[in-house]
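For reference, the chains in residue letters:
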Amino acid sequence: QVQLVESGGGLVQAGGSLRLSCAASGRIFSNYFMGWFRQAPGKEREFVSAVSRSGGNTDYKDSVKGRFTISRDLAKNTVYLQMNSLKPEDTAVYYCAAGDGRIYSGRHRLEASYDYWGQGTQVTVSS
């Protein structure tokens with residue numbers, strides 16, 4: 001069991017920045033690889049970024065590479081998504097997720113690979 005709570009969303013103008021946080025509790029944080037997904041109105045939830053158990057490996061959706069940075073602080077049981085140069089198309093509810101399965105190539109990009117999900121935090125980017 002693990003509980004995830006996202007925070008840090010809000011309204012920002014295009015070109016601005018936000019830092020999302022996901023606080024984990026209930027189990028040993030380092031046992032889980034972590035991901036961020038997002039869902040815009042009328043669209044399917046999509047992969048945004050992921051970080052390995054150790055924090056040493058990361059991956060990003062192509063459209064956010066160079067703008068977003070995922071990181072984790074094992075001591076704080078928290079994963080972050082720093083979002084810079086935000087665009088209106090980044091507007092979505094952002095979800096934090098945790099998975100405890102074995103990793104293979106591409107698995108971290110799949111919703112089904114994650115066992116626990118946060119409630120989501122709204123990010124709105126105005127043009």
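Quick look at the structure, then. (Residues numbered from 1 in each chain as written. Predicted model: local features only at pLDDT ≥ 70, side-chain atom pairs only at ≥ 80, totals over all residues. Heavy atoms only, no water.)

It is worth spelling out the pattern of salt bridges at this point. Taken as a whole, this structure holds 7 salt bridges when the rule is applied. A network of salt bridges, in which partner residues are shared, links Arg38, Glu46, Lys61, Arg67 and Asp90. (Salt bridge = Lys/Arg side-chain N within 4 Å of Asp/Glu carboxyl O.)

With that settled, consider the side chain of Asp90. Relative to the assigned elements, Asp90 resides in the loop between strand 8 (78-83) and strand 9 (92-99). One polar contact links Asp90 to Arg38, side chain to side chain, over a distance of 3.0 Å. When neighbours within four sequence positions are excluded, Asp90 is seen to be in contact with Arg38, Val64, Arg67, Phe68, Ser85, Val123 and Val125. (Helix = DSSP H or I, 4+ residues; strand = E, 2+ residues; numbered from the N terminus. Polar contact = N/O pair within 3.5 Å; in protein donor to acceptor, adjacent residues only side chain to side chain. Contact = heavy atoms within 4.5 Å.)

Before going further, it helps to examine the nonpolar core. A general tendency of soluble globular proteins is for nonpolar side chains to be buried together. Met34, Trp36, Phe68, Val79, Leu81, Met83 and Tyr94 are the most contacted members of the largest nonpolar core, which has 28 residues in total. Those elements that place two or more of their residues in this core are strand 3 (18-25), strand 4 (33-39), strand 5 (46-51), strand 7 (68-73), strand 8, strand 9 and strand 11 (121-126). Excluding residues that lie within four positions of it along the chain, Val79 makes contacts with Leu20, Ser21, Cys22, Phe29, Met34, Trp36, Val51, Ile70, Ser71, Arg72 and Cys96. By size, the runner-up hydrophobic cluster in this structure holds 6 residues, among which are Phe33, Phe37, Ala50 and Ala97. (Core = buried A, V, L, I, M, F, W, Y, C linked by side-chain atoms within 4.5 Å. Buried < 20%, exposed > 50% of the residue type's maximum accessible area, 1.4 Å probe, protein only.)

Attention now goes to the packing of aromatic side chains. Counted by the stated rule, this structure contains 6 aromatic pairs. Between Phe37 and Phe47, the ring centres sit 5.8 Å apart and the planes meet at 75°, which makes this aromatic pair edge-to-face. Taken together, the positions of Phe37 in strand 4 and Phe47 in strand 5 put the pair 10 residues apart, joining distant regions of the chain. The two residues Phe37 and Phe47 agree in class, both being buried. These aromatic residues form a ring-pair network of at least three members: Phe33, Phe37, Phe47, Tyr114 and Trp117. (Phe/Tyr/Trp six-rings, centres within 6.5 Å; stacked < 30°, edge-to-face > 60°.)

The buried count for strand 5 comes to 5 of 6 residues, which makes it a mostly enclosed element. Note: strand 4 against strand 5, 5 bridges, orientation antiparallel. Looking at the pairing, Trp36 lines up with Ser49 of strand 5. Hairpin geometry of strand 4 and strand 5 is characterised by an intervening segment of 6 residues between the two adjacent antiparallel strands and by a positive phi of about 75° at Gly42. Both strand 5 and strand 6 (residues 58-60) contribute to a ladder of 3 bridges, which runs antiparallel. Bridge pairing in strand 6 places Val51 opposite Thr58. Joining the antiparallel neighbours strand 5 and strand 6 is a turn of 6 residues, in which Gly55 adopts a positive phi near 90°. (Pairing = 2+ DSSP bridges.)

Attention now moves to unusual backbone geometry. A positive phi angle, near 55°, is found at Asn77, a position not held by glycine. The topology assignment puts Asn77 in the loop between strand 7 and strand 8. Backbone geometry places Ser85, a non-glycine residue, at a positive phi of 50°. With respect to the helices, strands and loops of the structure, Ser85 is situated in the loop between strand 8 and strand 9.

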